[in-house]
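# Coordinate analysis (summary)
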Amino acid sequence: MKQILCLSSQPWSTIPTRTQQLMTRLKDAKILFVEPPSRDYRKPGRKVRPGLTVHALPPVPEAAEDQRLLRLIRDRRQARHILKLMDIYRFREPLLWCTSPEQVHLLDAIPHQGLVYDCSQDWMDTPPEWESDLALAADVVFAASEGLADHLSPCSDNIALLPNGVSYPMFSRTSTECPPPLADLTGPVLGYVGTIWEDTDLAPVIQAARALPRCTFVFVGRRDRYNPQLRTLEALPNVRLLSRQLPVDIPDYLARFDVCLHLLRRSDYGADVVPCRIYEYLASGKPIVAMFFPDHVEHFPDVIYAAHSPGEFVRLCIRALEEPAGRPAARRREHGAAAAWSNRAKQVVQILSANGLY
């Protein structure tokens, strides 16, 4: 059985991350999933499924890039903890799966037989040489988008495109119940699932809600109160803001939506990673109206209504509400099925096996 030591940049969550989705689907593997630092690092590991155990790293002091001594102390403490875990679980030179450039500092201290770097975002806040060194050392680099693959291409000649995915069986199910918070709605519903961040641009949906007073605009997820447009959105009579829901309940909300909405964060500028939310929308088959920056690559142009301004967003919402049933919905589900996390995991195993790592 293959041993995989996964250094995750995000903690294990009830809302599964990309790394969680992949690790839970890798067959014939014993996985030690190491979370970022936590005060609970001394607690016994959490066995989240057979063969997959989660542990946290010990808390360490913050260290700036130029504080080399402090950083060295941090790295050594974390490495000692990881080596202790490896000894407990009898891991001997596992496949090391890295998810963050900062983990490059642990490579020399952790015995491993094979190195994977899974790049799921643009790490603009870390020194570029960290990611360069990690990609150079990796046997295989997985990139979540074409842009990330191009960015890393000078550092590796073994890069595989591995976009985000979706739990397709869950989001494509047709037998759903109307969530109680939406049971009283009678007109068309346009919905957004996800966090409203401080820099989420709400202008398009504010304009759409004003232009379509007979429609209800539903937001499901957490809200950052520092978003300067949030108060305006909340004041609109046909806007309903709901709290974050369990992932298993989200398909019920999508089933009640007539149109799914995707908005942009200002920090998204230049990013070409397709969010998991888009694949969830696709799996539902529902019409999708999404905002794009002027020079953004328009993903799935055959089935997503792409808007580049608030005015165009309103017009496309109207078009989406008038979309006839049939082929567009089926085509969206085809895109969703192709992006199933089970397919992504099979791709990982195939690539690793071809490189003698699995």
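In short, a report on the structure. Just so it is clear, the model here is predicted, and its values are computed rather than measured.

Turning to the packing of helix α9 (residues 276-284) against helix α11 (residues 327-338), a few remarks are in order. Viewed as axis vectors pointing N to C, α9 and α11 meet at an angle of 130°, and their least axial separation amounts to 6 Å. By the angle between their axes, α9 is oblique relative to α11. Where α9 crosses over α11, the handedness of that crossing is left-handed. Touching Y279, L282, A283 and S284 of α9 are R332, R333, H335 and G336, all from α11. For the contact of α9 with α11, the per-class residue count stands at three nonpolar, three polar and two charged.

A cluster of nonpolar side chains, L69, L72 and I73, forms an exposed patch at the surface whose accessible area comes to about 300 Å². Assessed through its relative accessible area of 62%, L69 is described here as exposed.

Here we come to the sheet that holds strand β4 (residues 52-56). The eight strands are arranged β3-β4-β2-β1-β5-β6-β7-β8 in an open sheet whose pairing can be described as mixed. Only two strands of the sheet have a single neighbouring strand rather than two, namely β3 (46-49) and β8 (159-161). Strand-to-strand twist in this sheet, taken as the mean axis angle between neighbours without regard to direction, amounts to 25°. Here strand β5 (residues 95-98) runs beside strand β6 (residues 115-119); their pairing, made up of three bridges, is parallel. By the bridge assignment, W97 is partnered in β6 with V116. Most of the contacts of helix α2 (residues 68-88) go to strand β1 (residues 2-7), to which it runs at about 155°, and overall it touches β1, β2 (29-35) and β4. Against the sheet, helix α3 (residues 128-137) makes contact with β5, β6 and β7 (140-143), and its axis sits at roughly 135° relative to β6, the strand it touches most.

With that settled, consider the sheet that holds strand β10 (residues 216-220). The strand order across the open sheet formed by six strands is β11-β10-β9-β12-β13-β14, and the pairing between neighbours is parallel. The sheet is open, and its two edges are formed by β11 (239-242) and β14 (304-307), each paired on a single side. On average, adjacent strands in this sheet sit at an angle of 25° to one another, irrespective of strand direction. Relative to strand β12 (residues 259-262), strand β9 (residues 189-193) runs parallel, the two sharing two bridges. Following the sheet pairing, L190 is matched in β12 by V259. This element, helix α6 (residues 203-211), spans β10, β11, β12 and β13 (288-291) of the sheet and lies at about 150° to β10. Helix α10 (residues 310-321) contacts β9, β12, β13 and β14 of the sheet and is inclined by roughly 165° relative to β14.

Definitions and cut-offs
Per-chain numbering applies: the sequence of each chain, read as written, is numbered from 1 onward. Local features are withheld for residues below a pLDDT of 70 in this predicted model, meaning they are given only at 70 or higher, and side-chain atom pairs are given and counted only at 80 or more; totals for whole chains, interfaces and linings count all residues. Neither water nor hydrogens contribute to the side-chain values; these are computed over all heavy atoms in the structure. Axes, fitted as lines to C-alpha atoms, cover a helix only where it is in contact. Angles between the N-to-C directions of the axes lie from 0 to 180 degrees. Helix and strand assignments follow DSSP, with helices taken as H or I runs no shorter than four residues and strands as E runs no shorter than two, numbered in order from the N terminus. Our angle categories are set so that under 35 degrees counts as roughly parallel, over 145 as roughly antiparallel, 65 to 115 as roughly perpendicular, and the remainder as oblique. If you view the pair so one helix is near and one far, a crossing is left-handed when the near helix is turned anticlockwise from the far one by less than a right angle, and right-handed when it is turned clockwise. Pairs of residues are marked as contacts when any of their non-hydrogen atoms sit within 4.5 Å. Asp, Glu, Lys and Arg are counted as charged, while Ala, Val, Leu, Ile, Met, Phe, Trp, Tyr, Cys and Pro are counted as nonpolar; the rest, among them Gly, fall into the polar class. What makes a patch is a set of residues exposed beyond 30% relative accessible area and free of salt bridges, joined within 9 Å when like-charged and within 5 Å when nonpolar (Val, Leu, Ile, Met, Phe, Trp, Tyr). Here, Shrake-Rupley sampling with a 1.4 Å probe gives the accessible areas, and only protein chains in the shown set may cover a residue. Should a side-chain nitrogen of Lys or Arg be within 4 Å of a carboxyl oxygen of Asp or Glu, the pair is scored as a salt bridge. Each residue's exposure class comes from its accessible area (1.4 Å probe, protein chains only) as a fraction of the maximum for that residue type: buried when under 20%, exposed when over 50%, partly exposed otherwise. Any two strands between which DSSP finds at least two bridges are classified as paired.

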